[in-house]
Amino acid sequence: MNSIPERSLSRGQACVLGAAALPMVAFGGLGAVGTYSNITSVFHRSATALGVVAAGEGATLVLALVLVGLTMLGQSSPATVRIGLWTLPAVASLTGAAVAKTTTEAVVFAVTPMAMCVSAEGMGLLARRIVVYRTGVDAEAQRRNAAVMQRLAYHRARAANHPEEKARNKSELASWKLAEKVGAGDALLGAHLVDVQRERMTAGADAALAGMFALPVTAPTPDVTPSPETPAVEPRAEEGVTPPVTQEDTQATAEFETVPAGPVTPVTTPVTPPVTLDEIAAVAGVPTPVTGEPLTDDQLVVVLRHLRYSDDPPLSYRQAVAAFREGGFVGGEQRVRRAWGSLMSHEESDA
């Protein structure tokens, strides 16, 4: 669907377009009068001259009116109308050149009917531009693009699926040639592409300017000036550098050496006993799991938790399952895997 709102012509635009259309009609009429005069001078019969004018300029005028009418309705013109706009004046030109008595007259008689052809094409183009301006729809460009896309789709399908290699290669070349014509002459497509590129260039320029003018973020420098209440921190000695020995260090060394030797009391760290399976089951609120008996899902989680943390570092899934089987506990592989997943999810939530 067309998203461009319909626009109306202003009074000034209508006046200018009307002034441009009047000379086209006038010059087309003058061409018809000239053809009539030329033929009359040769045959000296008005009926014959009127017949030639009707067959040439008259038929061209009819096709021009059809072209303008279809264009104003937002429809494309058939190929026969476009061909007739050039064929009929050409026939009239050949007729005038054939009946002329001299070469000079032949040139004049041949050029005169072309005025109607140019006038018809000019009026058709002007009507087409008016419709495109008001509605945003170029029916002629859409017709051409539709025809090109139809041929392109056919040749792409033929290049991909035709059983003969020669036909596939021929369609491949034809599709590349047709690709050059896609969108040709479509002013709206060109305008949309320019808008898209304009947005991309704007975004790129904005990113470039943001990178150029962005201020660097620096961490604040801590204030190392000691306050009267805070004692100054002595600099730490670097590795491999012996700090100078001060008088306070000498006195502290002497006092240390004069301390009488005595029995040394060893410092022991209390060892926390491991949590038993019964304690874990009591905390979980389930009966203590028993080897050789079917276990519930909660009991499976209790057993796996007990086995996982029975060693440091904690056991992996494979190690815990091996310990589970060696301990004589009963549980299917799928249930054990689900219980292990529940245990891991609880560990992640606790973390």
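We now examine the overall build of the protein chain. If you tally the helices and strands in the protein chain, you get 13 helices and 0 strands. The secondary structure elements of the protein chain, listed N-terminal to C-terminal, are α-α-α-α-α-α-α-α-α-α-α-α-α. Considering the protein chain as a whole, with its 351 residues, one finds that 25% of them fall into the buried category. The long-range share in the protein chain, meaning contacts at least 24 apart out of those at least 6 apart in sequence, stands at 60%. Looking at the protein chain as shown, the accessible area adds up to about 24600 Å², and 64% of this sits on carbon and sulfur atoms.

Here we come to the confidence of the model for the protein chain. Per-residue confidence for the protein chain gives a mean pLDDT of 76; residues scoring 70 or more make up 77%. Ranking the elements of the protein chain by mean pLDDT puts helix H9 (residues 247–257) last with 51 and helix H11 (residues 297–308) first with 90.

Looking now at the packing of helix H1 (residues 11–43) against helix H2 (residues 46–72). Between H1 and H2, whose axes approach to 8 Å, the crossing angle comes to 145°. In this structure, H1 crosses over H2, and the sense of that crossing is right-handed. Counting all contacts with H1, which are made through Gly31, Ala32, Thr35, Tyr36, Ile39, Thr40 and Phe43, the residues of H2 involved are Ser46, Thr48, Ala49, Leu50, Val52, Val53 and Glu57.

The relation between two aromatic rings is expressed through the spacing of the ring centres and the mutual angle of the planes. Going through the model one piece at a time under the given rule, you end up with 2 aromatic pairs. Between Phe324 and Phe329 the ring centres are 5.6 Å apart and the planes differ by 25°, which places this aromatic pair in the stacked class. Overall, Phe329 belongs to the buried group, its relative accessible area being 12%. The ring of Tyr309 carries Arg308 above its face, with NZ or CZ at 5.5 Å from the centroid.

Here we come to the pattern of salt bridges. Within the structure shown, the criterion is met by 5 salt bridges. Ionic pairing is found between Glu172 and Arg156, a salt bridge with its closest N-O pair at 3.1 Å. Of this pair, Glu172 sits in helix H7 (residues 165–179) while Arg156 sits in helix H6 (residues 139–161); the two residues are 16 residues apart in sequence, bridging distant segments of the chain. Overall, the relative accessible area of 39% leaves Arg156 in the partly exposed class. In this structure, the salt-bridge partner of Arg325 is Glu333, at a minimum N-O distance of 3.8 Å.

Rules used in this analysis
- As a convention, each chain's residues are numbered from 1 in the sequence order in which they are written.
- At least 70 in pLDDT is required for a residue's local features to be given in this predicted model, at least 80 for side-chain atom pairs to be given and counted, and no such filter applies to totals for whole chains, interfaces and linings, which use all residues.
- Side-chain measures were taken over the full set of non-hydrogen atoms in the model, leaving aside hydrogen atoms and water.
- Helix and strand assignments follow DSSP, with helices taken as H or I runs no shorter than four residues and strands as E runs no shorter than two, numbered in order from the N terminus.
- Relative accessibility thresholds used throughout: buried, under 20% of the residue-type maximum; exposed, over 50%; partly exposed, between the two (1.4 Å probe, protein chains only).
- By the convention used here, residues are in contact when the closest approach between their heavy atoms is within 4.5 Å.
- Areas reported here follow the Shrake-Rupley algorithm with a probe of radius 1.4 Å; residue values treat only the protein chains shown as occluding.
- Confidence per residue, as judged by the predictor, is encoded in pLDDT with a range of 0 to 100.
- What counts as an axis is a line fitted to C-alpha atoms, over the stretch in contact for a helix, and the angles between N-to-C directions run from 0 to 180 degrees.
- Left-handed describes a crossing whose near helix is turned anticlockwise from the far helix through less than a right angle; right-handed describes the clockwise counterpart.
- Side-chain rings of Phe, Tyr and Trp, where Trp is taken by its six-membered ring, are said to pair if the distance between their centres is within 6.5 Å; with planes under 30 degrees apart they count as stacked, over 60 as edge-to-face, and otherwise as tilted.
- The criterion for a charge sitting over a ring is simple: Lys NZ or Arg CZ within 6 Å of the ring centre, and within 35 degrees of the ring normal.
- By definition, a salt bridge exists where a carboxyl oxygen of Asp or Glu is found within 4 Å of a side-chain nitrogen of Lys or Arg.

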